[in-house]
Amino acid sequence: MKKILAKLSTGLVSLGMAGAALAAPAVEITQKQPLNVPAIIMFAIFVGMTLAITYWAASRTKTASDFYTAGGGITGFQNGLAMAGDYMSAATLLGLTAMVYTNGYDAYLFMIAFFVGWPIILFLMAERLRNLGKFTFADITSYRLDQGKVRTMAAIGSLTVVCFYLIVQMVGAGQLIKLLFGLDYHVAVIVVGALMVVYVTFGGMVATTWVQIIKACLLLFGGTVITVLAFSQFGFSFNTLAAKTIELHKLKDMLFAPGKLLQDPINAISLAMGLMFGLAGLPHILMRFFTVNNAKEARKSVLYAAGFVGFFFNVILLMGLCAIVIVGTNPEFFEGGTIGGKIIGGGNMVAMHLAKAVGGNLLLGFLAAVAFATILAVVSGLALAGASAISHDLYARVIKKGNVSEAQEIKVSKMASFGIGLIAVVLGIAFEKQNVAFMAALAFGIAAAGNFPVLFLSMYWKDLTTRGALAAGYGGLIAAVVLVVLSKSVWVTVFGYATPIFPYDQPALFAMPLAFLLGYVFSITDKSERAGKERAAFADQWVRAQTGFGADGAVSH
Amino acid sequence: MSSEIYARIQKNPKFKELVAKRERLAWTLTGIVLVLFFGLFMTVAFNPSVLAIRLGDSYVTTGLLIGLAQFVLFWLLTAVYVRRANSEFDALTEQLLHESVKAKK
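Counting of residues starts from 1 at the beginning of each chain's written sequence and follows it residue by residue. As they are written, the chains are lettered A onward and the ligands numbered 1 onward, keeping that order. This being a predicted model, a pLDDT of at least 70 is required before a residue's local features are given, and a value of 80 or more before pairs of side-chain atoms are given or counted; all residues contribute to the totals for chains, interfaces and linings. Note that water and hydrogens are dropped before the side-chain values are worked out from all heavy atoms of the structure.

## Observations concerning the overall build of chain B
As a reminder of what qualifies: To qualify as a helix, a DSSP run of H or I must reach at least 4 residues; to qualify as a strand, a run of E must reach at least 2; elements of each kind are numbered from the N terminus. C-alpha atoms define the radius of gyration, and 2.2 Å times the number of residues to the power 0.38 defines the globule rule. Here's how the labels work: a residue is buried when its accessible area is under 20% of the maximum for its type, exposed when over 50%, partly exposed in between, all with a 1.4 Å probe on protein chains only.
Along its length, chain B carries 3 helices and 0 strands. Relative to a compact globule of 105 residues, whose C-alpha radius of gyration would be 13 Å, chain B shows 22 Å and is clearly more extended. Counting only C-alpha atoms, chain B reaches 70 × 25 × 20 Å along its principal axes. The proportion of buried residues among the 105 residues of chain B is 42%.

Printed below as a string of structure tokens:
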């Protein structure tokens, strides 16, 4: 059990995904590989294309709305692709394939947990977000509550999530690039940071969205091609494939049944909750609801995004299973040629090796370029969300109290993006050899416990007051941080204690109800005059949330 | 100014109808998704052997089939919601806003 977890988490950590919520012993330090020329050429093509788009986008980015939301002119289909792109990081492709390779069915359960947030976000949040918000999700929480205090809190929540998620991605990028392209870790981190700053500062949301769309297409295309080629070796018969995998895999029959990964019920539920509600609190995903014209397109976005994500997860399942047979029996992919030994480049390279086995160096290069492009797209989305929190929420609304021109606000956004890029590079380098698993757990934990409850309560509960919102927001955030610090990934791995004080990997199951409770208690006990006004203002907010009347660009009467 | 219109919208019986219908659909679908999803995870946690049963001669286990079914079903429920919201609810909203805003003039 320990061994599986260790293997798994090292794999996932170096890629930085939410699954890294699994406690990890240490980051696997990847070995630098020889220069991968086809990969570099294909990556250069991708960068060239996206820079051209950024150049074009820059000429169209004039107003704050262009900068934050691409002027609301993205269609539901495009936005669905971009959303799926924001959600699928390089870890989805590489980490989950590796997880299927090692754990079989357990990985499928993880993917379902990743997926289930989509319908929920649509049913309960998507159109209300679209109707109430303008640029960031703080717009919703501060709709009828105290602008300054609530926006500050929401911005802190966003920035915390963005920051931790960025570090995880940067460290993953560095390790991956060292391995795939044969470049130095530092070079990789700086390239990612620099390109991200260029996309965001010059092209704003238009460029960021198109980078995301192109990347999502490449990812879907690449994954599907590899899977089709690999699956054809089994005559496209699942039974043939399954029979072979069971014969070869050390889990035997248990490969297609729940294994050890989610044996502890509380851990399983906490993880499921963290992944599910974490989605509904990720600022860069929520921001995508404002890039479309109206609630209709917002709903379509989710339908498309869920379709792409769901399809891709099932492709990954097949990819991982094919890899068990194709990669798992080929000595070329094992260190020293010992089948069953250590895989060259570590567990995460399973998908890469499969690409090479079925499509040669060209496909390998293509997939490597896709993986890099994926990281780049995800960090751009994150950086833009972070920059918006700083410029739109903190600078324009809290510091300047709304007395600020659009040009000034955009200028601050650009400076903020630059700052975020710089910080990301510095921290990416500083954390090179650190275990960053807890940061992924934190990002999702804070999104689920810090952001989601406040957002949900402010949309659905008329009695929520500023005091309650602050208690829920800060309470959830602190609880998530404290629980992660006390969990195995920090308490044992970083501090070196023997046993963790908090025995679970994801704080959501405990931190989220606590946040809701704090929000409830501090609201109902708030008898102030302001609280009364805030409650009274709910009626108007409710009408707007339901009908979209008064929402930006949503009404054409 | 808009507060007045908001009040008028809220008084319109169509608003009540819209909210009631949409909330009912949204919460029903949410309920279905949560019950199925947490049902699966509870089964994994408390009775995993149920999910290891093979279907006939094939290698497909109940667990795999249920997993795939959840992907498909959750996506279909998403489609159901989008379909109803984009036709029925949007049309109702349109009428509602039209009546409420026009009444002002």
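Next comes the rest of the write-up.
## Let's talk about the packing of helix α12 (residues 265-279) of chain A against helix α2 (residues 13-46) of chain B
Heads up, the condition is: Structural elements are reduced to axes, namely lines fitted to C-alpha atoms, with helices fitted over the stretch in contact, and the angle between N-to-C directions of any two is expressed from 0 to 180 degrees. With respect to orientation, any angle under 35 degrees is reported as roughly parallel, any angle over 145 as roughly antiparallel, any angle of 65 to 115 as roughly perpendicular, and every other angle as oblique. Throughout, a crossing is termed right-handed when the near helix is turned clockwise from the far one, and left-handed when it is turned anticlockwise from it by less than a right angle. The criterion used for residue contact is that any of the two residues' heavy atoms lie within 4.5 Å. Lys, Arg, Asp and Glu make up the charged group, whereas Ala, Val, Leu, Ile, Met, Phe, Trp, Tyr, Cys and Pro make up the nonpolar group; the residues left over, Gly among them, are polar.
α2(B) packs onto α12(A) with a crossing angle of 150° between their chain directions and a minimal axis gap of 9 Å. The angle between the axes of α12(A) and α2(B) places the two elements in the roughly antiparallel class. As for how α12(A) packs across α2(B), the hand of that crossing is right-handed. Across the interface between the two elements, A:Pro265, A:Ala268, A:Ile269, A:Ala272, A:Met273 and A:Met276 of α12(A) pack against B:Leu34, B:Phe37, B:Phe38, B:Phe41, B:Met42, B:Ala45 and B:Phe46 of α2(B). Of the residues belonging to the contact of α12(A) with α2(B), the class tally is 13 nonpolar, no polar and no charged.

## Section: the pattern of salt bridges
It is possible for side chains bearing opposite charge to pair when their charged atoms get close. Note the cut-off: Here, a salt bridge means any side-chain nitrogen of Lys or Arg that lies within 4 Å of a carboxyl oxygen of Asp or Glu.
Here the structure, examined in full by the defined rule, presents 22 salt bridges over all chains. Among the ionic pairs, A:Glu127 bridges to A:Arg299, the shortest N-O distance being 2.9 Å. Taken as a pair, A:Glu127 in helix α7 (residues 117-132) and A:Arg299 in helix α14 (residues 295-326) lie far apart in primary sequence, 172 residues in all. By relative accessible area, A:Arg299 is classed as buried at 1%. For A:Glu127, a relative accessible area of 2% corresponds to the buried category. A cluster of three or more residues bridged by salt bridges with shared partners is formed by A:Glu127, A:Lys296, A:Arg299, B:Arg22 and B:Asp90.

## Describing the UniProt feature "transmembrane region" (unreviewed entry) in chain B
Residue and element names in this part refer to chain B. Put simply, the rule is: UniProt positions are given in the numbering used here, feature names are shortened, and annotations may be inferred rather than shown by experiment.
Residues annotated by UniProt as "transmembrane region" (unreviewed entry) correspond here to residues 25-46 and 58-82. Structurally, residues 25-46 is divided into 100% helix and 0% strand, and its ends, taken at the C-alpha atoms, are 31 Å apart. The span residues 58-82 shows a helical share of 84% and a strand share of 0%, and its end C-alpha atoms are spaced 36 Å apart.

## So, the interface of chain A and chain B
Threshold: Accessible area that two parts lose when put together, evaluated with a 1.4 Å probe and summed over both, is termed the buried area.
Facing 56 residues of chain A, the contacting portion of chain B comprises 54 residues. In this assembly, chain A packs against chain B so that about 4,900 Å² is buried in total across both faces, 75% of it on carbon and sulfur atoms. Counting across the chain A and chain B interface gives 5 salt bridges. Residues B:Glu23 and A:Arg128 are paired through a salt bridge, measuring 2.3 Å at the closest nitrogen-oxygen approach.

## Digging into α7(A)
The α-helix advances 3.6 residues per turn, and as a result positions three or four apart in sequence lie on the same side. All names here are of chain A. The line we're drawing: By this rule the span expected of a helix is its residue count minus one, scaled by 1.5 Å. What the bend at a residue measures is the angle between two axes, fitted to the seven residues ending there and to the seven starting there.
Here α7 contains 16 residues, and its C-alpha end-to-end distance of 21 Å stays within 8% of the 22 Å for a straight helix at 1.5 Å per residue. By the largest-angle criterion, Met125 marks the main kink of α7, which is about 55°. The element α7 is largely enclosed, with a buried count of 16 among its 16 residues.

## Observations concerning the environment of A:Gly340
Residues and elements named next belong to chain A. Residue placement: Gly340 occurs in the loop between α14 and α15 (350-399). A residue is classified by how much of its surface remains accessible, and Gly340, at 65% relative accessible area, is exposed. Between the C-alpha atoms of Gly340 and Thr329, which are 11 residues apart in sequence, the distance is 8.0 Å.

## Remarks on the environment of A:Ile246
Among the secondary structure elements, A:Ile246 is positioned in helix α11 (residues 238-248). On the basis of relative accessible area, A:Ile246 is assigned to the buried category, the value being 9%. Between the C-alpha atom of A:Ile246 and that of A:Leu321, which follows or precedes it by 75 residues, the distance is 9.8 Å. Residue contacts for A:Ile246: discarding those within four places in its chain leaves A:Lys252, A:Asp253, A:Leu255, A:Phe256, B:Arg54 and B:Tyr59.

## Focus: the environment of A:Ala306
You can see A:Ala306 is positioned in helix α14. A:Ala306 sits 191 residues away from A:Phe115 along the chain, and the two C-alpha atoms are 7.3 Å apart.

## A few points about the packing of aromatic side chains
As a reminder, the rule being used: Two rings belonging to Phe, Tyr or Trp (six-membered ring only in the last case) form a pair when the distance between their centres is within 6.5 Å. Interplanar angles under 30 degrees mark stacking, angles over 60 mark edge-to-face geometry, and anything in between is tilted.
Under the counting rule described, the total for this entry stands at 38 aromatic pairs over all chains. Their ring planes at 80° and their centres at 5.7 Å tell us that A:Phe67 and A:Tyr68 sit as a pair that is edge-to-face. The burial state of A:Phe67 is the same as that of A:Tyr68; both residues are buried. A ring pair is formed by A:Phe77 and A:Phe308, whose centres lie 6.0 Å apart and whose planes are at 70°; its orientation type is edge-to-face. Of this pair, A:Phe77 sits in helix α4 (residues 76-87) while A:Phe308 is found in helix α14, placing the two residues 231 residues apart along the sequence. What makes A:Phe77 partly exposed here is its relative accessible area of 42%. Overall, the relative accessible area of 17% leaves A:Phe308 in the buried class. An aromatic cluster is built from A:Tyr87, A:Tyr105, A:Tyr108, A:Phe114, A:Phe115, A:Trp118, A:Phe313 and B:Phe71, whose rings are joined through pairwise contacts.

## Focus: the nonpolar core
The test is simple: Take the buried residues of types Ala, Val, Leu, Ile, Met, Phe, Trp, Tyr and Cys, join any two whose side-chain atoms come within 4.5 Å, and each joined set is a nonpolar core.
A:Trp118 and B:Phe37 are the most contacted members of the largest nonpolar core, which totals 226 residues. If sequence neighbours within four positions are ignored, A:Trp118 has contacts with A:Met83, A:Tyr87, A:Leu279, A:Ile285, A:Val302, A:Ala305, A:Ala306 and A:Val309. Judged by nonpolar contacts, the second largest core, of 10 residues, contains A:Val454, A:Trp461, A:Ala469 and A:Leu470.

## Describing the side chain of A:Arg288
Residue and element names in this part refer to chain A. Along the chain, Arg288 turns up in the loop between α13 (283-286) and α14. Relative accessible area serves as the criterion here: at 1%, Arg288 is assigned to the buried category. Residue contacts for Arg288: discarding those within four places in its chain leaves Asn79, Ala82, Met83, Asp86, Met205, Thr208, Thr209 and Gln212.

## Topic: the packing of helix α17 (residues 437-460) of chain A against helix α18 (residues 466-486) of chain A
Residue and element names in this part refer to chain A. Look at α17 against α18: their axes get within 8 Å of each other, and the N-to-C directions meet at 160°. Between α17 and α18, the angle is such that the two are roughly antiparallel. Handedness of the α17/α18 crossing: right-handed. Of the residues in α18, those touching α17 at Phe438, Ala441, Leu442, Gly445, Ile446, Ala449, Gly450 and Val454 are Ala469, Ala472, Gly473, Gly476, Leu477, Ala480, Val481 and Val484. When its residues are assigned to classes, the contact of α17 with α18 shows 12 nonpolar, 4 polar and no charged.

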